[in-house]
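# Summary of structural features
Residues per chain, in single letters:
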Amino acid sequence: MKVPMVDMLAGYPPIKDEVEAAVKRVFDKAHFILGEDVTKFETEFAAHNGAKYCVGVANGTDALRMAYIASGIKKGDEVITSPFTFIATSETISQIGAVPVFADIDPVTYNLDPKSVEKKITPKTRAIVPVHLYGMPCDMDAIMAIAKKHNLIVVEDTAQAFTGKYKPAAGDWKYLGTMGHCGTFSFFPAKNLGAFGDGGAVLTNDDKIHETLKQLRNHGSKVRYHHEMEGFNSRLDTVQAAILSIRLKHVEKWTEMRNKVAARYAEQLKGVCETPVVPANARHSFNYYTIRFDSKAKRDNAQKHLTELGIANQIYYPIALHLQEAYAHLGGKKGDLPACDRVQDTVFSLPMFPELTDEQIKAVTDAVKDSLKVHA
Ligand SMILES: *Cc1c(COP(=O)(O)O)cnc(C)c1O
């Protein structure tokens, strides 16, 4: 049985009429840049997350870039982040003249290891960027405590983790992306809340950061042709905003469905390989479902076997950032971040989307089990 990685259209039929009507409404109004639909989505997205402000931007990469600038990261500052993430997290650090510093990850959650973060702090450290990888919440209590102690900015890269939650030891459950100075989101089609094109957002509770973000996304201006600073052309597209408002109403249900798929996977893969371990104080958004083998050979065999059967799969991420050519100048090498080395060689992501059927799940898990038999 062929199984795709994601099925972008599976959730579409029930909302098709509503989406088409919304697109038509935007076209009829011919108000294509910002305007009511963007403001409406921003208000809804902020409210959903329990944040004070949301600023809609062009994509999740620009969301990071502008969150870094707006929260006060400057040229020459060191920014500690995960080496085990998509390059968008770090390229935007370099592109504003700051320096990414990669700390090691926790071998169970694959997220930043707070102990390693603390060891990387120097007098130049200005910020920490935790990435809630695959939708798994970072250890935010520990990260926020380090940030407080050293007076650092925290920008949460929440691109893969909208609808994920974390319960701090002191306090109520919080949506990911609302605990740091800023939280950044991507509405790339394959994320939990996908647009029909690119889109992104930044959440913040800070009045000043909010004002700066609004300026940054629109060439540094509040009033047209008056520029207090340089900015970007990075607004959330109005058609996408109208579509996102509709999809937002379904996203919690979709995350519940993803969590059910994850539970089935875990059941069937028990004793076969490592499956995600979600702490009691966390809700995983399961943007991706990632398993781990005890050797690279087993992982590589599984990948080969599933691919032969037409079962989509992916390694997020085969080469950690500190080992990428783009960061050769930072001098990272194998052995520097041992947990990350082990994890990048043994992880493996399976198809994951809300509508995955029991039959498809069984085909995937049977294939994983068979790959171990055949090649063991
Ligand atoms: C997708 C992603 C981004 C970038 O989002 P885009 O909308 O594609 O620009 C940033 N960080 C992480 C961890 C991502 O997965």
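Residues numbered from 1 in each chain as written. Predicted model: local features only at pLDDT ≥ 70, side-chain atom pairs only at ≥ 80, totals over all residues. Heavy atoms only, no water.

Moving on, we come to the overall build of the protein chain. Within the protein chain one finds 12 helices and 14 strands. In terms of C-alpha radius of gyration, the protein chain reaches 21 Å, essentially the compact-globule figure of 21 Å for 376 residues. In terms of its C-alpha atoms, the protein chain occupies a principal-axis envelope of roughly 65 × 55 × 40 Å. When the 376 residues of the protein chain are sorted by exposure, 55% land in the buried category. Put simply, 71% of the contacts in the protein chain that link residues at least 6 apart link residues at least 24 apart. (Helix = DSSP H or I, 4+ residues; strand = E, 2+ residues; numbered from the N terminus. Rg over C-alpha atoms; globule rule 2.2 N^0.38 Å. Buried < 20%, exposed > 50% of the residue type's maximum accessible area, 1.4 Å probe, protein only. Contact = heavy atoms within 4.5 Å.)

A separate point is the pattern of salt bridges. Using the criterion set out here, one finds 24 salt bridges in the structure. Asp 28 is the salt-bridge partner of Lys 24, the closest N and O atoms lying 2.9 Å from each other. Placement of the pair is Lys 24 and Asp 28 together in helix 1 (residues 16-29), with a separation of four residues, close to one helical turn. Note that Asp 77 is salt-bridged to Arg 126, the shortest N-O span being 3.9 Å. With Asp 77 in the loop between helix 3 (60-71) and strand 2 (78-81) and Arg 126 in strand 4 (residues 125-129), this residue pair connects regions lying 49 residues apart in the sequence. On the basis of relative accessible area, Arg 126 is assigned to the partly exposed category, the value being 34%. Taken together, the shared-partner salt bridges connect Arg 25, Lys 29, Glu 36 and Asp 37 into one network. (Salt bridge = Lys/Arg side-chain N within 4 Å of Asp/Glu carboxyl O.)

Moving on to the site of the ligand. The local shell around the ligand holds 14 residues, among which Gly 60, Thr 61, Gln 160, Ser 186 and Lys 191 are the closest. A total of 380 Å² of accessible area belongs to the ligand in isolation, and the protein chains cover 92% of it. According to the grid-proximity analysis, the pocket containing the ligand is the largest pocket. Top element by residues in the shell around the ligand is helix 3. It accounts for three residues. Taken together, the residues of the shell around the ligand sort by class into five nonpolar, seven polar and two charged. (Near = heavy atom within 4 Å. Areas by Shrake-Rupley, 256 points an atom, 1.4 Å probe, with all protein chains shown as cover. 1 Å grid on protein atoms, 1.4 Å probe; cavity = no way out; pocket = protein on both sides within 12 Å on 5 of 7 lines; lining within 4 Å. Sits in = over half its atoms within 2 Å of the grid points. Nonpolar A, V, L, I, M, F, W, Y, C, P; charged D, E, K, R; others polar.)

This brings us to the side chain of Asp 37. Mapped onto the secondary structure, Asp 37 falls in helix 2 (residues 36-49). The contacts of Asp 37, once residues within four sequence positions are left out, are Arg 25, Val 26, Lys 29, Thr 238, Ala 241 and Ala 242.

A few words now on the nonpolar core. With 43 residues, the main nonpolar core has Phe 84, Ile 291 and Leu 350 as its most contacted residues. When contributions to this core are tallied by element, the ones reaching two or more residues are helix 9 (251-268), strand 13 (289-292), helix 10 (296-308), helix 11 (338-346), strand 14 (347-350) and helix 12 (358-375). Here this core takes five residues from helix 12, the largest share from any one element. Taken domain by domain, this core gets at least three of its residues from each of domain 1 (13-104 + 111-248) and domain 2 (251-374). Counting residues in hydrophobic clusters, the runner-up holds 23 residues, among them Val 79, Ala 127, Val 202 and Leu 216. (Core = buried A, V, L, I, M, F, W, Y, C linked by side-chain atoms within 4.5 Å. Domains from an automatic or database assignment.)

With that out of the way, let us pick up the sheet that holds strand 7 (residues 174-175). The antiparallel open sheet is built from three strands, whose spatial order is 7-6-12. The open sheet terminates on both sides in strands that have one partner only, identified here as strand 7 and strand 12 (282-283). Two elements, strand 6 (residues 165-166) and strand 7, share two bridges in a ladder whose sense is antiparallel. Across the sheet, Tyr 166 pairs through a bridge with Lys 174, a residue of strand 7. (Pairing = 2+ DSSP bridges.)

Our focus in this paragraph is helix 3. With 12 residues, helix 3 extends 16 Å from end C-alpha to end C-alpha; this agrees with the ideal 16 Å at 1.5 Å per step. Measuring from the backbone nitrogen of Thr 61 back to the side-chain oxygen at the start of helix 3 gives 3.0 Å, which picks out Asn 59 as the cap. (Expected span 1.5 Å × (residues − 1). Polar contact = N/O pair within 3.5 Å; in protein donor to acceptor, adjacent residues only side chain to side chain.)

Rolled over the atoms, a probe with the dimensions of a water molecule shows which regions are left empty. Roughly 400 Å³ of internal volume is contained in the largest pocket. Among the secondary structure elements, those contributing two or more residues to the lining of the largest pocket are helix 3 and helix 4 (88-95). No other element matches helix 3, which puts three residues into the lining of the largest pocket. Inspection of the lining of the largest pocket shows a minimum of three residues originating in each of domain 1 (13-104 + 111-248) and domain 2 (251-374). (Points joined across faces, edges and corners; volume = space filled by probe spheres on them.)

Below, the discussion takes up the pairing of strand 5 (residues 153-157). Look at any regular strand and the pattern is simple: side chains alternate between the two faces of the sheet. Strand 5 sits mainly inside the fold: five of its five residues count as buried. Covered by surrounding structure in strand 5 are Ile 153, Val 155 and Asp 157 together with Val 154 and Glu 156, the residues of both alternating faces. Inspection of the sheet shows strand 4 paired to strand 5 by two bridges, in the parallel sense. Counted as the bridge partner of Ile 128 is Val 154 from strand 5.

This paragraph deals with the domain arrangement of the protein chain. Interfaces are frequently sized by the accessible area removed from exposure as the parts join. Segmentation of the protein chain into domains returns domain 1 (13-104 + 111-248) and domain 2 (251-374). Put simply, the middle of domain 1 and the middle of domain 2, counted by C-alpha atoms, are 25 Å apart. Between domain 1 and domain 2, the contact holds 37 residues from the first and 33 residues from the second. Carbon and sulfur atoms make up 61% of the area that domain 1 and domain 2 hide from each other, which totals about 2900 Å². Interface area lost by domain 1 to domain 2 is led by Phe 84, Tyr 134 and Asn 192, which between them contribute 26%. (Buried area = accessible area lost by both parts, 1.4 Å probe.)

Take the pairing of strand 14 next. Of the two faces of strand 14, the one lined by Val 347 and Ser 349 and the one lined by Phe 348 and Leu 350 are each fully buried. When strand 13 meets strand 14, the two strands line up antiparallel, connected through four bridges. Paired with Ile 291 across the bridge in strand 14 is Phe 348.

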